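Close look at the chain arrangement
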Amino acid sequence: MSDHHYDIAIIGTGAGGGTLAYALAPSGKRILILERGGWLPREKENWDARAVFAQERYHTKEMWYDRDGRPFRPGTNYYVGGNTKVYGAVLLRMRERDFHEVRHHDGVSPAWPLRYQDFAPYYTRAERLYGVHGHRGTDPTEPPCDDPYPFPPVKHEPRMQEIFDGLRGQGLRPYPLPVGVRLDEENPHLSPCIKCETFDGFPCLVNAKYDAHTTCIIPALQHKNVTLLTHALAMRLETDPTGREVTAILVQRNGATEEYSADIVVVACGAVNSAALLLRSSGDRHPHGLANSSGQVGRHYMCHNNSAILAVSRVPNPSRFTKTIGLNDFYWGDDDFDYPMGHIQTLGKSLPAQLEADAPSIRIPGVRLTLEYVAAHSIDWWLTTEDLPDPANRVELTQEGAIMLSYTPNNTEPHRRLLARLRAAMEQVAGGMSHFIPQSVYLSKMIPLAGVAHQCGTCRFGTDPRTSVLDVNCRAHDLDNLYVVDSSFFPSSSSVNPSLTIIANALRVGDHLLDRLR
């Protein structure tokens, strides 16, 4: 057997590919993991806000294009562990109702071919694997689960506790965010996490974040049957003459083209790059792209309607680890609005260097606000509203083979209402929140096209090969040995962070592949 042939090849090391590698590693099967990037360097700049945000030190430098051909630099990261290296590690289950058809202000969110109950045991496994801290039963919309979180919730710092109590005093039901962090608050001298202000959006210099690199890839590599190749960019997949089996993975590495093969090939490059790889892999049997007889590869791209908002008060907020509060009271709507609105959570604490790029929007006529003042007095929030799958929102390739991302936002009215509800609630919280400078200073920003952290939906799974790319086990309908195991498989986006669902699904597909390989 060729040294370049494996039982399983996994392309990508993020929440999907990294978790799948971990699940399959003990099988003894010969496993190849391909990662286009290298190891994210451990360096002081990991915790340097100017380097991470203003200079985008860890983002790719490649350019993508919008539908009008205008280039932009995507906010994505090519390292072992993928985007989990810089994610906020908020690990939420989709709501039970999210798996069903849901009517929204702008249309219908389709039902998934599986239900919450199919994912529930894998959600529990995912929470244990990624060390989630939380408190079951406090989120008013959480799906049913009898298993407690593996670790207790992260404690609120004093100012964040005031915010939490102020929201609860209005009859709202805030709850502790479920966060994947290596934290021991009872024995801080033993805790890898020091609850610093450089967690959300930063690489963790002390490896205290449960990312796919530290949680899955490193343990997988302890098995001698697992091989990781870094700086190995999968350029295309080739098939046998029938078009039913992937027989070669062409990889650009060290300035040369290398060829690998596997009995089972798993694509886990992220929803945008997975679709792009399949589109690049067109051939005689797949003229419109690999696994694309339905014409659905790349279509139905979703990324959520996301906003970052800073509420600036006269009362200082000296908190460091602020990613501790969730609010779902308006997830399914409001008294005067019968459609889902979405999810609210606190962001990591803003630092002056993070705000430099937005400095013009912070200049308010008649008010002198320095970046230092804003950062020291802000309560930072992240709002997520479901965007609906639209076939016109899609990944394509330019004539030169570059990624072209077309996206028109939809379902934005619920997001506007959610933002208004948060503003109203923040006016009434404890600590002088009604005395902003001026009366209400809110700095809010919709996340632009380049913000692809919540990308999903480009290779949806389903039971009908005419309307979906993958079957319920995430195997391509058109091929016998090709799987896609990242957020591409989502038929809808829900209104919660996608990471835990990606991880749970990777564990689910891992069980299927272990059965297949026996």
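Just so it is clear, the structure is predicted and the values come from calculations on it, not from any experiment.

Judged by nonpolar contacts, the single largest core of 113 residues is most densely connected at Ile11, Tyr130, Leu237, Ile249, Val266, Leu470 and Leu482. For this core, the element with the highest residue contribution is helix H11 (residues 499-517), accounting for nine residues. In this structure, Phe164, Leu327, Leu383 and Leu419 belong to the second largest nonpolar core, which totals 22 residues.

In total, this model carries 18 aromatic pairs according to the counting rule given. Ring geometry for Trp64 against Phe72: centres 6.2 Å apart, planes inclined by 80°, an arrangement best described as edge-to-face. Relative to Phe489, the ring of Phe461 lies with its centre 4.9 Å away and its plane at 85°, an arrangement referred to as edge-to-face. Separated by 28 residues along the polypeptide, Phe461 in the loop between strand E20 (442-446) and strand E21 (482-484) and Phe489 in the loop between E21 and H11 bring together distant segments of the chain. Each member of the pair, Phe461 as well as Phe489, carries the same accessibility label: buried. Pairwise contacts between aromatic rings join Phe99, Trp112, Tyr116, Phe119, Tyr123, Phe461, Phe489 and Phe490 into one cluster. Arg30 extends its terminal NZ or CZ atom over the ring of Tyr6, reaching a point 4.2 Å from the ring centre. Its guanidinium or amino end placed over the ring of Tyr331, Arg95 lies 5.9 Å from that ring's centre, counting from NZ or CZ.

For helix H10 (residues 412-426), spanning 15 residues, the distance from its first C-alpha to its last is 21 Å, which sits close to the expected 21 Å at 1.5 Å a residue. Looking at H10, one finds that the buried residues are Pro414, His415, Leu418, Leu419, Leu422, Ala425 and Met426. Down the axis of H10, the sector holding all buried residues measures 140°, keeping them to one side.

Below, the discussion takes up the pairing of strand E12 (residues 246-253). Here seven bridges tie strand E11 (residues 232-239) to E12, and the two strands are oriented antiparallel to one another. Looking across to E12, one finds that Glu238 is bridged to Ala248. Two successive antiparallel strands, E11 and E12, enclose a turn made up of six residues, where Gly243 displays a positive phi of approximately 80°. Pairing between E12 and strand E13 (residues 256-267): five bridges, direction antiparallel. Residue Leu250 lies in a different strand from E13, and its bridge partner there is Glu259.

Structurally, the position occupied by Asn306 is in strand E14 (residues 305-312). In this structure Asn306 comes out as buried when scored by relative accessible area, which is 5%. For the pair Asn306 and Arg285, spaced 21 residues apart in sequence, the C-alpha separation works out to 39 Å. A distance of 3.5 Å separates the side chain of Asn306 from the side chain of Trp382, its partner in a polar contact. At a separation of 2.8 Å, a polar atom in the side chain of Asn306 contacts the side chain of Thr384.

The subject of this paragraph is the confidence of the model for the chain. Residue-level pLDDT values for the chain average 94, and 94% of them are 70 or greater. Note on residues 432-440: pLDDT is under 50 here. Beyond four places in sequence and across chains, it has 27 contacts.

So, on to helix H6 (residues 271-280). In terms of burial, H6 is largely enclosed, as nine of its ten residues are buried. Of all the residues in H6, the buried ones are Ala271, Val272, Asn273, Ser274, Ala275, Ala276, Leu277, Leu278 and Leu279.

Okay, the side chain of Ser109 next. In this structure, Ser109 sits in strand E6 (residues 107-109). Within polar-contact distance, the side chain of Ser109 engages the side chain of Glu386 at 2.6 Å. The residues contacting Ser109, other than those within four sequence positions of it, are His100, Glu101, Val102, His104, Glu386, Leu388 and Ser492.

Going through the model one piece at a time under the given rule, you end up with 29 salt bridges. A salt bridge links Asp147 to Arg128; the nearest nitrogen and oxygen atoms lie 4.0 Å apart. With Asp147 in the loop between strand E7 (132-133) and helix H4 (158-169) and Arg128 in helix H3 (residues 116-129), this pair connects stretches of sequence that are 19 residues apart. The class of Asp147 is partly exposed, set by a relative accessible area of 28%. Judged by relative accessible area, Arg128 falls into the exposed class, the value being 54%. The structure contains a network of salt bridges with shared partners spanning Asp66, Asp68 and Arg70.

What follows is about the environment of Val496. Relative to the helices and strands, Val496 resides in the loop between E21 and H11. For Val496 and Arg93, which are 403 residues apart along the polypeptide, the C-alpha to C-alpha distance reads 7.5 Å. Discounting residues that sit within four places of it in the chain, Val496 has contacts with Leu92, Arg93, Met94, Arg95, His304, Tyr331 and Thr384.

Conventions we followed
- Residues numbered from 1 in each chain as written.
- Predicted model: local features only at pLDDT ≥ 70, side-chain atom pairs only at ≥ 80, totals over all residues.
- Heavy atoms only, no water.
- Core = buried A, V, L, I, M, F, W, Y, C linked by side-chain atoms within 4.5 Å.
- Buried < 20%, exposed > 50% of the residue type's maximum accessible area, 1.4 Å probe, protein only.
- Helix = DSSP H or I, 4+ residues; strand = E, 2+ residues; numbered from the N terminus.
- Phe/Tyr/Trp six-rings, centres within 6.5 Å; stacked < 30°, edge-to-face > 60°.
- Lys NZ or Arg CZ within 6 Å of the ring centre and 35° of its normal.
- Expected span 1.5 Å × (residues − 1).
- Arc of directions from axis to C-beta.
- Pairing = 2+ DSSP bridges.
- Polar contact = N/O pair within 3.5 Å; in protein donor to acceptor, adjacent residues only side chain to side chain.
- pLDDT = per-residue confidence, 0-100.
- Contact = heavy atoms within 4.5 Å.
- Salt bridge = Lys/Arg side-chain N within 4 Å of Asp/Glu carboxyl O.

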